[in-house]
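Listed below are the residues making up each chain.
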Amino acid sequence: DAELEAEDDDDLAPRPPVVTVMGHVDHGKTKLLDAIRSTDVVADEAGGITQAIGAYQVRTVHEGEDRAITFIDTPGHEAFTAMRARGAQVTDIAILVVAADDGVMPQTIEALNHAQAAGVPIVVAVNKIDKEGANPDKVMQQLTEYNLVAEQYGGDTMFVQISALKRQGIDDLLEAVLLTADAALDLRANPDKDARGVAIEAHLDKGRGPVATVLVQSGTLRVGDAIVAGNGFGRVRAMLDEHGKPVEEATPSRPVLVLGLTAVPGAGDTFLVAPDDRTARQIAERRESAARAASLAKRRKRISLEDLNEALAAGKVETLNLILKGDGSGSVEALEDALLGIEVSDDVELRIIHRGVGAITQNDVNLATVDNAVIIGFNVRPAERVAELAEREGIDMRYYSVIYQAIDDVEQALRGLLKPEFEEVQLGTAEVREVFRSSKFGNIAGSLVRSGTIRRNSKARVTRDGVVVGNDLTIESLRRFKDDATEVRDGFECGIGLGSFNDIKEGDVIETYEMREKPRA
Ligand code: GDP
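Residues numbered from 1 in each chain as written. Predicted model: local features only at pLDDT ≥ 70, side-chain atom pairs only at ≥ 80, totals over all residues. Heavy atoms only, no water.

Participant: Kindly report on the overall build of the chain, identifying the contributing residues and their values.
Facilitator: Helix and strand content of the chain: 12 helices and 29 strands. Relative to its 521 residues, the chain shows a buried fraction of 50%. Of the roughly 25000 Å² that the chain leaves accessible, carbon and sulfur atoms contribute 45%. (Helix = DSSP H or I, 4+ residues; strand = E, 2+ residues; numbered from the N terminus. Buried < 20%, exposed > 50% of the residue type's maximum accessible area, 1.4 Å probe, protein only. Areas by Shrake-Rupley, 256 points an atom, 1.4 Å probe, with all protein chains shown as cover.)

Next comes the structure, spelled out in C-alpha cells:
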C-alpha cells in the first residue's frame, strides 16, 4: 500500500504539532481557541485570523526559535474520535481544558479516555484561574487518578494555569505544547513529494462550490494539483490560509482552504495528489468501490464475546477492549472493579478503555469502532440511531442488569466457555404518549408502537432517556380502543398495562422481547 511507503530518514523535515482542544462543556475550549488565535505573532499585520476555516496555524517564539503550531478548530473529543473512525488520526497532542472552579467532570474523563485510547499525549490547561474558588491543585490531584501525573509530582504531564478569558498563560501553554512535542514525539514528514493528508471540514459554498479545509500530512500541496479527496476529485483552483490570504503551496501540518473540488469530502476523509486528472478520477472511483467492499468486510472483523475465544486461540487478538456504560457511577465502578478482578492468562489483556454514566452514545460506538471494543451497558440502552450505527458497524453491544452476569459472560468468553443458549430477540418498541390511572388495572400507558409488534404476555422493559427504569416486566394487558388485543403493529396506538410496574411516565419507551434459543454456528 502506497500509504505505508517507507521514508528515507534524510528526506524528513520537522513539522509543526497538530493540536486538538478537549474538555468538559463550558470549561472554556472555545474561549481558549479564540485566545490562542489572538496570540499569533503574524496575526496583526495580516489582519487577524478571520477566515472561517476548520484549522489554523499560529506562530510563536520558543527558545529563540520561530515555531508554528496547528490547531484543529473543532473543539471536543467527539470530532476527534469521529475522524479516527474514518481512519484519520490528525492530532499529535491534546490540550485537556479543565475549569479550576469546577474540577474534573464526566466529559473531562471521557475526553482523556479518548486521547489515551489514541495514544495522544495530553497537556492539561487548568482554566479560569481568575475565578474565585479556583483550585488548580485539586485538578492536579484529581487527574493523578487517570494517569495524568504532574511533573511536580514526579510524572511527565505538563499542567499550565491559564485564564482564557483574560488571555493569561496562553504563551506558557503554547510553550508546554512544544516542549511535550519535542520530548515525546518525533514529528517529521517529507515535504518533497506529492501531498497527502486529511479533510478536516468541508461544505458547499454558494458562490465557490465545494470548499474543504485540508491538513497536509506529508508532501507539498500546490495550486493546480490534481487531487482526490474522499470519493471526489478535482483540481486545486485556489488555496487560502487562515487569514484569507491566497497561498501557492502548503507543506506538512499546514491547514488550507481548498477550492476546486467537484464533491464535498467528509471530515476525516483522506486526500492525495494524483499525477493527472484521469488518474485522479480513477482513484476516486476505486475508492468508492473499496469503501463499499470495506463496509461489508468490516462486520466480520469486529470482535464479539462469542468469537473471542477462537480469535484468542488463533492469536488474532491479545486484548479484549471494553467500554462500560451504566446508570450510575457506583454501578459502573463496581462493574469495572469486578471485571478487572477476573483472572486471565498471561497472553490476554483485559482493558477498559472507557467508562461513563448514561445512555450509550454515538461517541461510544465510534470509540468501539476505532478500538475494536465490546460495549457493556449496565441498565442503560443506546438511542435508536445509535443502535442502528452499532448494528451497521457490527459492534457487540451487551446489556445487563445484574453485575455477576456481565462478569460471567466476560469471564467465560476469556476462558472459552461462552455458549449462551438463549438470546434476547427484540419484538417491538412503543413510545408512551399519555398515562391513564385506572384503579382496576393499575396504570395504563397510552402508547404509539414505533417499531415491530407489541404482543400480550411478552417480556418487556422500560427505558427513560436511554436508562432502564423497569426490568423483567410482562405486557399483562394490551388494548386497542376498548378491545383486548393480542398484538399491535407499528404505527398504531394502544394501551399497555405492565402489571405491578407503576412508575411509567410520558416519553418512556417500552421495549418488548422474547428469549429464543440461539442458533448454533
Ligand atoms: P466550551 O463549552 O468548553 O467551549 O466553553 P466556552 O469557551 O464557551 O466557555 C464557557 C463559559 O466560560 C463562557 O461564558 C466563557 O466566557 C467562560 N470562560 C471561559 N474561559 C474563562 C476564564 O478563563 N475565566 C472565566 N472567568 N470565564 C471563562
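Let us keep going from here.
Participant: Can you explain helix H12 (residues 403-415)? Please cite residues and give values.
Facilitator: A rise of 1.5 Å per residue sets the reference length of H12, with its 13 residues, at 18 Å; its end C-alpha atoms lie 18 Å apart and thus fit the reference within 8%. Of all the positions in H12, only Ala406, Ile407, Asp409, Val410, Ala413 and Leu414 are classed as buried. For H12, the angular spread of buried residues about the axis comes to 165°, placing them on one side. (Expected span 1.5 Å × (residues − 1). Arc of directions from axis to C-beta.)

Participant: Give me the lowdown on the pattern of salt bridges, citing residues and values where you can.
Facilitator: Scanning the model with the defined rule gives 29 salt bridges in all. A salt bridge links arginine 37 to aspartate 34; the shortest N-O distance between them is 2.7 Å. With arginine 37 and aspartate 34 both in helix H1 (residues 29-39) and three residues apart, the pair spans about one turn of that helix. One salt-bridge network, in which partners are shared between bridges, spans Arg381, Glu424, Arg461 and Glu511. (Salt bridge = Lys/Arg side-chain N within 4 Å of Asp/Glu carboxyl O.)

Participant: Describe the nonpolar core, naming the residues involved and giving the relevant values.
Facilitator: Core analysis: the biggest nonpolar cluster contains 27 residues, and Leu32, Ile36, Ile69, Phe71, Ile95 and Leu173 have the highest contact counts within it. Broken down by secondary-structure element, the contributors of at least two residues to this core are strand E2 (18-23), H1, strand E3 (55-62), strand E4 (65-72), strand E5 (93-99), strand E6 (122-127) and helix H6 (170-184). With seven residues, H6 is the largest single contributor of residues to this core. Residue contacts for isoleucine 36: discarding those within four places in its chain leaves Tyr56, Val58, Phe71, Ile170 and Leu174. (Core = buried A, V, L, I, M, F, W, Y, C linked by side-chain atoms within 4.5 Å. Contact = heavy atoms within 4.5 Å.)

Participant: So what about the sheet that holds strand E17 (residues 319-326)? Which residues, and what values?
Facilitator: Strand order in the open sheet formed by four strands is E18-E17-E19-E20, and the pairing between neighbours is parallel. Edge positions in the sheet fall to strand E18 (349-357) and strand E20 (397-400), since each of these pairs with one other strand and no more. Each strand of the sheet is rotated relative to its neighbour by a mean of 25°, with strand direction disregarded. Examined bridge by bridge, E17 and strand E19 (residues 373-378) share six bridges and lie parallel to one another. Looking across to E19, one finds that isoleucine 323 is bridged to isoleucine 375. (Pairing = 2+ DSSP bridges. Axes fitted to C-alpha atoms, helices over the stretch in contact; angles between N-to-C directions.)

Participant: Describe the pairing of strand E24 (residues 467-474), with residues and values.
Facilitator: Side chains on a regular strand alternate between the two faces of the sheet. Of the strand pairs in this sheet, strand E23 (residues 459-464) and E24 are connected by five bridges, and their pairing is antiparallel. Bridging across to E24, alanine 460 finds its partner in leucine 473. Linking E23 to E24, which pair antiparallel, is a turn of two residues; within it aspartate 465 sits at a positive phi near 50°.

Participant: Run through a negative patch on the surface, naming residues and quoting values.
Facilitator: Together, Asp8, Asp10, Asp11 and Asp192 give the surface a local cluster of negative charge. For aspartate 11, the position within the fold is in the segment before strand E1 (13-14). Residue classification places aspartate 11 among the partly exposed residues on the basis of a relative accessible area of 37%. (Patch = residues over 30% accessible without salt bridge, like charges linked within 9 Å, V, L, I, M, F, W, Y side chains within 5 Å. Lys, Arg positive; Asp, Glu negative; His and termini not counted. Charge placed at Lys NZ, Arg CZ, Asp CG, Glu CD.)

Participant: Any chance you could break down the side chain of histidine 62 for me, citing the residues and the numbers?
Facilitator: By the secondary structure assignment, histidine 62 is in strand E3. Take histidine 62: its relative accessible area is 1%, and that puts it in the buried class. What histidine 62 contacts, discounting residues up to four positions off in sequence, is Arg67, Glu175, Leu178, Leu179 and Asp182.

Participant: So what's going on with the site of the ligand? Residues and values would help.
Facilitator: Neighbouring residues of the ligand: 15 residues in total, closest Asp26, Lys29, Thr30, Lys31 and Asp130. Within the backbone of lysine 29, a nitrogen or oxygen atom sits 2.8 Å from an oxygen atom of the ligand. Backbone polar atom of leucine 165 to an oxygen atom of the ligand: 3.2 Å apart, as the coordinates give it. When the ligand is considered free in solution it has 580 Å² of accessible area, and contact with the protein chains removes 75% of it. The element best represented in the shell around the ligand is H1, accounting for three residues. Its residues assigned to classes, the shell around the ligand shows three nonpolar, six polar and six charged. (Near = heavy atom within 4 Å. Polar contact = N/O pair within 3.5 Å; in protein donor to acceptor, adjacent residues only side chain to side chain. Nonpolar A, V, L, I, M, F, W, Y, C, P; charged D, E, K, R; others polar.)

Participant: Give me helix H11 (residues 384-393): which residues, what numbers.
Facilitator: Inspection of H11 places Val386, Leu389, Ala390 and Glu393 among the buried residues, and these make up the whole buried set. All buried residues of H11 fall inside an arc of 100° around its axis, so they share one side. Along H11, exposed side chains directed more than 90 degrees from the buried face belong to Glu384, Glu391 and Arg392.

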